[in-house]
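Geometric and topological summary
The residues making up each chain are set out below.
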Amino acid sequence: MNRIVVLFVLTFGLSLQANAQKELQFSNLDSLYAYAEKSSSVTKTGEQQTILARYEKLAALVNVINIKSPLVFNLTNNTQLPVSFIPAELLGGKPGTFREITLGQEYVGNLTYTPQIDIINAGAWSRVKSASLNQDLTDELNLLNKKTLFESIAACYYNILSLQEQIKITGDNLSATDTLLMIVNDKYAQGLVRRQDVNDASVNKVTLADKQKQLTLNLEQQYNSLKILCDIPQSLALLLTGQMNYQISLNASIQANSQLQFKSAVLQTEIAKADWRSNRLANLPVISLIYSHGYYQNSNSRFFDDAPNNKWLNSTYFGARITLPLPDVTQLVQASNSKVNYRIAQLNLEHSKLQNDVANTQLQLDFEKAVSQFNSAKQVYQLKEENYKMANEQYGQSILPFDKLLVSFSDMLINRLNYSSALANLLFTKSKIDINNQIK
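Residues numbered from 1 in each chain as written. Predicted model: local features only at pLDDT ≥ 70, side-chain atom pairs only at ≥ 80, totals over all residues. Heavy atoms only, no water.

Another point: the packing of aromatic side chains. Here the structure, examined in full by the defined rule, presents 9 aromatic pairs. Ring geometry for tyrosine 381 against tyrosine 419: centres 5.8 Å apart, planes inclined by 25 degrees, an arrangement best described as stacked. In this pair, tyrosine 381 is assigned in helix α7 (residues 329-396) and tyrosine 419 in helix α8 (residues 402-438), connecting sequence segments 38 residues apart. The class for tyrosine 381 is buried, based on a relative accessible area of 12%. Within the aromatic cluster, the residues linked to one another by ring pairs are Tyr246, Phe374, Tyr381 and Tyr419. Over the ring of tyrosine 395 we find lysine 187; its NZ or CZ atom is 4.1 Å from the centre of that ring. Here the guanidinium or amino end of arginine 195 rests over the ring plane of tyrosine 188, the centre of that ring lying 5.5 Å away. (Phe/Tyr/Trp six-rings, centres within 6.5 Å; stacked < 30°, edge-to-face > 60°. Helix = DSSP H or I, 4+ residues; strand = E, 2+ residues; numbered from the N terminus. Buried < 20%, exposed > 50% of the residue type's maximum accessible area, 1.4 Å probe, protein only. Lys NZ or Arg CZ within 6 Å of the ring centre and 35° of its normal.)

A cluster of like positive charges, contributed by Lys129, Lys273, Arg277, Arg280, Lys339 and Arg343, occupies part of the molecular surface. Taken together, the elements giving at least two residues each to the positive patch come down to α6 (260-281) and α7. Sort the elements by how many residues they give to the positive patch and α6 lands first, with 3 residues. One can find lysine 339 in helix α7. (Patch = residues over 30% accessible without salt bridge, like charges linked within 9 Å, V, L, I, M, F, W, Y side chains within 5 Å. Areas by Shrake-Rupley, 256 points an atom, 1.4 Å probe, with all protein chains shown as cover. Salt bridge = Lys/Arg side-chain N within 4 Å of Asp/Glu carboxyl O. Lys, Arg positive; Asp, Glu negative; His and termini not counted. Charge placed at Lys NZ, Arg CZ, Asp CG, Glu CD.)

Of all hydrophobic cores here, the largest spans 70 residues; its most connected members are Leu29, Leu32, Ile153, Tyr158, Leu226 and Leu240. Breaking this core down by element, the ones donating at least two residues are β1 (23-26), α2 (29-39), α4 (122-189), α5 (195-230), β7 (237-240), α7 and α8. Looking at this core element by element, the count peaks at 17 residues for α4. Discounting chain neighbours no more than four positions away, the residues touching leucine 240 are Phe26, Tyr157, Ile160, Leu161, Gln164, Tyr223 and Leu226. (Core = buried A, V, L, I, M, F, W, Y, C linked by side-chain atoms within 4.5 Å. Contact = heavy atoms within 4.5 Å.)

Those residues of α2 that fall on the buried side of the exposure criterion are Leu29, Leu32, Tyr33, Ala36 and Ser39. Angularly, the buried residues of α2 cover 145 degrees about the axis, an arc narrow enough to put them on a single face. Exposed side chains of α2 directed beyond 90 degrees from the buried face belong to Asp30 and Lys38. Structurally, α2 contributes buried residues whose contacts are with β1, α3 (41-65), α4, α5 and α8. Capping of α2 at its N-terminal end is provided by asparagine 28; its side-chain oxygen lies 3.3 Å from the backbone amide nitrogen of aspartate 30. (Arc of directions from axis to C-beta. Polar contact = N/O pair within 3.5 Å; in protein donor to acceptor, adjacent residues only side chain to side chain.)

For the rest of this paragraph, the subject is the state of the cysteines. If you walk through the whole model with that rule in mind, you get 0 disulfides. No disulfide involves cysteine 156; its sulfur sits 8.3 Å from that of cysteine 230, the nearest cysteine. With a relative accessible area of 8%, cysteine 156 lands in the buried category. (Disulfide = S-S within 2.5 Å.)

Turning next to the pattern of salt bridges. A complete count under the given rule lists 10 salt bridges for this structure. A salt bridge links lysine 263 to glutamate 140, with the shortest nitrogen-to-oxygen separation between them at 3.7 Å. Taken together, the residues span a long stretch of sequence, with lysine 263 in helix α6 and glutamate 140 in helix α4 at a distance of 123 residues. On the basis of relative accessible area, glutamate 140 is assigned to the buried category, the value being 11%.

This is how it looks when you write it as structure tokens:
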């Protein structure tokens, strides 16, 4: 019997542990950010793009000296040698005529090593500049993607907290509608109210129950959206346990100073300039050092003939080479296009500076607007709540009709939900400014 009890306890404990592992809980927004940085596909993709940019820069650096070290080994069986012509009189023939002869040997083998290194290649050096700028731009774009991801996560986070609170509020007020319906039914039984009042009380309860259902469905949708943003498996349950702080300390003078968008535009302009320079320098001469070391063997009997008079012959030389590429139509068009692209990038840079400054100003205005809306929602709710309390008392004293009480109840509830939404919007707007100021 004791063994059965122990086995049951162990099984129950393992079951609880397995269930616990199938649920993720986050108590604040920072912990959600930390999880997203490790698991989000946006972050992982950015890491891979950074690696690619580093490889491109490394390739550009190596290509500056353009090391070429081909090692060639050939074996040729000349089954039919080419025909040459010599004056026939050299062989005792008739002057003015020619004799056909074949020159060469049947079996030819050679091993050649010919390295080459560019010592002056202006076009390749300019491509290193482009690759380096592209790596910096990749880092900036990854930060922009991270900023966008965090803003989306913050929006879902505060939507979820607000919806969870609104569901609780509607649940609490559902009990109030039950009380109202019970009171109206009692008064109707006493002949003090109309049947219409009973129907209105029932409609009020059904409407509020449906409101709670809709909020619950919206909450589930927000959780699914958050799972997608953070790449959380659908099989894992997700729960946010944070609470919205209605006593938040408000500082309407908070400043937004993000420069990511402008810095990206600056890098794009520099890349366009580097591409234009690269296309122009591609027409300059390239100076290279060359070297060749080879061995040759010819034979009429077989490959690798080891006869004393058929040894491997050596040939070696080194020197310098100047390569002057002649410009063609394609190169001219590329140079012209890159020049136009650089001018376009300069125009975009000026617009991006303005756009960046306006976006920072807009964030500050959005925050001031959210603060004002929150304060107004708080005051309106407090007044509507006071009105409902007085209307409830007046209805109990039979000096206020039931339809007026329902209107007061509906106004109070709507403004309570608006109060929650206004706080969520305020916290989200503040988090956007924090994200913009922290990710730079």
